[in-house]
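# Descriptive analysis of the structure
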Amino acid sequence: MLTIDVNITRPSHSYSILLEPGLSADWRAGVESRLAASSYLALVDATLAAARDIPPHGCMEGKWRYLWVRPGEENKHLEQYAALCEDALHFGITRDAVLVAVGGGVTGDIAGFVASTLLRGVRLVQIPTTLLAQVDSSVGGKNGVNAEAGKNMVGTIYQPSLVLIDPAFLDTLPRREFLAGVAEIVKTAVLDSGEFFASLEAGAERLAANDHGFVVDAIGRCCRIKAGFVQDDERDTGRRQLLNLGHTFGHVLESLAGYDGSVVHGEAVAVGMVLACRFSVARHTLAKADADAVELLLTALGLPTRIGQLAADRPEPLDWSAALASEEAVAVLAADKKAGADGVNLVLPHAIGDCRLEKGFSPVEVLRFMRDHVDGQW
Ligand code: GLY
């Protein structure tokens, strides 16, 4: 048998994350000065574009071409992705183009997927405008869209060439969206260290009030920590999976609420983190005092910590106990991207700063635990 080895050295994925208040004031010049290209394709969150006088969808101005992205989980689908690819190709984009994503997580995810597949890949710049995107989704190259089978089921891992973070965007962010990002900051601290966590405890009031100095420092820390996870495990087969702390529980809650906006991702992650901590306490792998501290911090920051607090503003209240007992809940958990062949994988804290991926839980066991604690009686 003839064996021919194809030895591919992965291309370098090194890139910089630049963080500075006011950095986005002239984002076009900022991108042009750092990445030369024959054309630039801006994919901008449509709400932001309308508010900031961004040229309309389909407009060409000099080297710049503009497309507006409909935000919201309900628009994160293959149809919008395909339409953006077609519209980009109508501009006559060539492979040396730079695609610039300006917006929150949904815009960044769709735009990243477009960049990674358009002409088999064009360079990508992420300019995240929400706290959640600034501390998490704009770094690390994950992108994608939702499919019938579940959230983010179609996508790639494709690193940007540059990330520009301007905390000034946060000044106009709706409160709930700001807090959604705060939940990811707490998650990062629980993963990282008692020292980072203690600094959030001490600065909870400043963080919740969007105190610029404190928030810029927290964004920087989160990006540095996330960069470490991504450098170690870009393809998400090992250590990077720890970043899913709170997400498996949270994903079930978001799915059962139907992604109708009544549960914001960060709220689901906050409650999911508390559930992960309490599950670990029940297994005698986390001290109760640590779980109490996580719950106390989230409460101090204005985040929900109990399932029963979620989706409270729905016209028809959601019966969480019934929803968690449904076939749908089992199906969501079993279909979770993070599930393995032999059961559900959970990231469980063993201490603040020591979280571990544990495998093989039965969906029924996890859902029973959630159902038994809808009102957070531990
Ligand atoms: N948001 C988790 C990750 O990027 O791996």
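These notes cover the structure that comes with them. Note that this is a predicted model, so its numbers are computed, not measured.

### With respect to unusual backbone geometry
For Asp-53, which is not glycine, the phi dihedral falls at a positive 55 degrees. Relative to the helices and strands, Asp-53 is located in the loop between α2 (46–51) and β3 (60–61).

### With respect to the nonpolar core
Counting residues in hydrophobic clusters, the biggest one holds 80 residues, and the most contacted among them are Leu-131, Trp-320 and Met-370. Considering each element in turn, this core owes the most residues, 11 residues, to helix α11 (residues 265–282). The contact partners of Met-370, leaving out residues within four places of it in the chain, are Phe-249, Val-252, Leu-253, Leu-275, Ile-307 and Leu-324. The next biggest cluster of nonpolar side chains, apart from the first, holds 23 residues, and it includes Leu-41, Ala-101, Phe-113 and Val-145.

### Comments concerning the site of the ligand
Within the structure, the ligand sits among Asp-136, Lys-142, Lys-226, Arg-240 and Leu-243. The side chain of Lys-142 places a nitrogen or oxygen atom 2.9 Å from an oxygen atom of the ligand. Between the ligand and Lys-226, the relevant distance is 2.6 Å, taken from an oxygen atom to a side-chain nitrogen or oxygen of the residue. Taking 200 Å² as the accessible area of the ligand by itself, protein coverage stands at 89%. Looking at side-chain class alone, the shell around the ligand contains 1 nonpolar, no polar and 4 charged residues.

### Quick notes on the packing of aromatic side chains
Across all of its chains, the model carries 7 aromatic pairs by this definition. Seen in terms of ring centroids, Tyr-81 and Phe-113 are 4.1 Å apart; in terms of plane orientation they differ by 20 degrees. Their pairing is stacked. With Tyr-81 in helix α3 (residues 78–90) and Phe-113 in helix α4 (residues 105–117), this pair connects stretches of sequence that are 32 residues apart. The two residues Tyr-81 and Phe-113 agree in class, both being buried. Considering the side-chain rings of Phe-279 and Phe-361, the 5.4 Å spacing of their centres and the 80 degrees angle between planes classify their relative orientation as edge-to-face.

### As for the pattern of salt bridges
Tallied over the full model, the rule gives 17 salt bridges. Its salt-bridge partner being Asp-211, residue Arg-206 comes within 3.2 Å of it at the nearest N-O pair. Its salt-bridge partner being Glu-358, residue Arg-283 comes within 2.9 Å of it at the nearest N-O pair. With a gap of 75 residues between them, Arg-283 in the loop between α11 and α12 (288–300) and Glu-358 in strand β11 (residues 354–361) connect regions that are remote in the sequence. The class for Arg-283 is partly exposed, based on a relative accessible area of 35%. On the basis of relative accessible area, Glu-358 is assigned to the buried category, the value being 14%. Taken together, the shared-partner salt bridges connect Arg-278, Lys-288, Asp-292, Glu-295 and Arg-306 into one network.

### Some remarks on the packing of helix α10 (residues 247–256) against helix α14 (residues 327–335)
Contact pair α10 / α14: the axes reach a minimum separation of 10 Å and the direction vectors enclose 135 degrees. On the basis of the axis angle, α10 is oblique to α14. Pair α10 / α14 crosses with right-handed handedness. Counting all contacts with α10, which are made through Thr-248, His-251, Val-252, Ser-255 and Leu-256, the residues of α14 involved are Glu-328, Ala-329, Val-332 and Leu-333.

About the thresholds
Residues numbered from 1 in each chain as written. Predicted model: local features only at pLDDT ≥ 70, side-chain atom pairs only at ≥ 80, totals over all residues. Heavy atoms only, no water. Helix = DSSP H or I, 4+ residues; strand = E, 2+ residues; numbered from the N terminus. Core = buried A, V, L, I, M, F, W, Y, C linked by side-chain atoms within 4.5 Å. Buried < 20%, exposed > 50% of the residue type's maximum accessible area, 1.4 Å probe, protein only. Contact = heavy atoms within 4.5 Å. Near = heavy atom within 4 Å. Polar contact = N/O pair within 3.5 Å; in protein donor to acceptor, adjacent residues only side chain to side chain. Areas by Shrake-Rupley, 256 points an atom, 1.4 Å probe, with all protein chains shown as cover. Nonpolar A, V, L, I, M, F, W, Y, C, P; charged D, E, K, R; others polar. Phe/Tyr/Trp six-rings, centres within 6.5 Å; stacked < 30°, edge-to-face > 60°. Salt bridge = Lys/Arg side-chain N within 4 Å of Asp/Glu carboxyl O. Axes fitted to C-alpha atoms, helices over the stretch in contact; angles between N-to-C directions. Parallel < 35°, antiparallel > 145°, perpendicular 65-115°, else oblique. Left-handed = near helix turned anticlockwise from the far one by under 90°.

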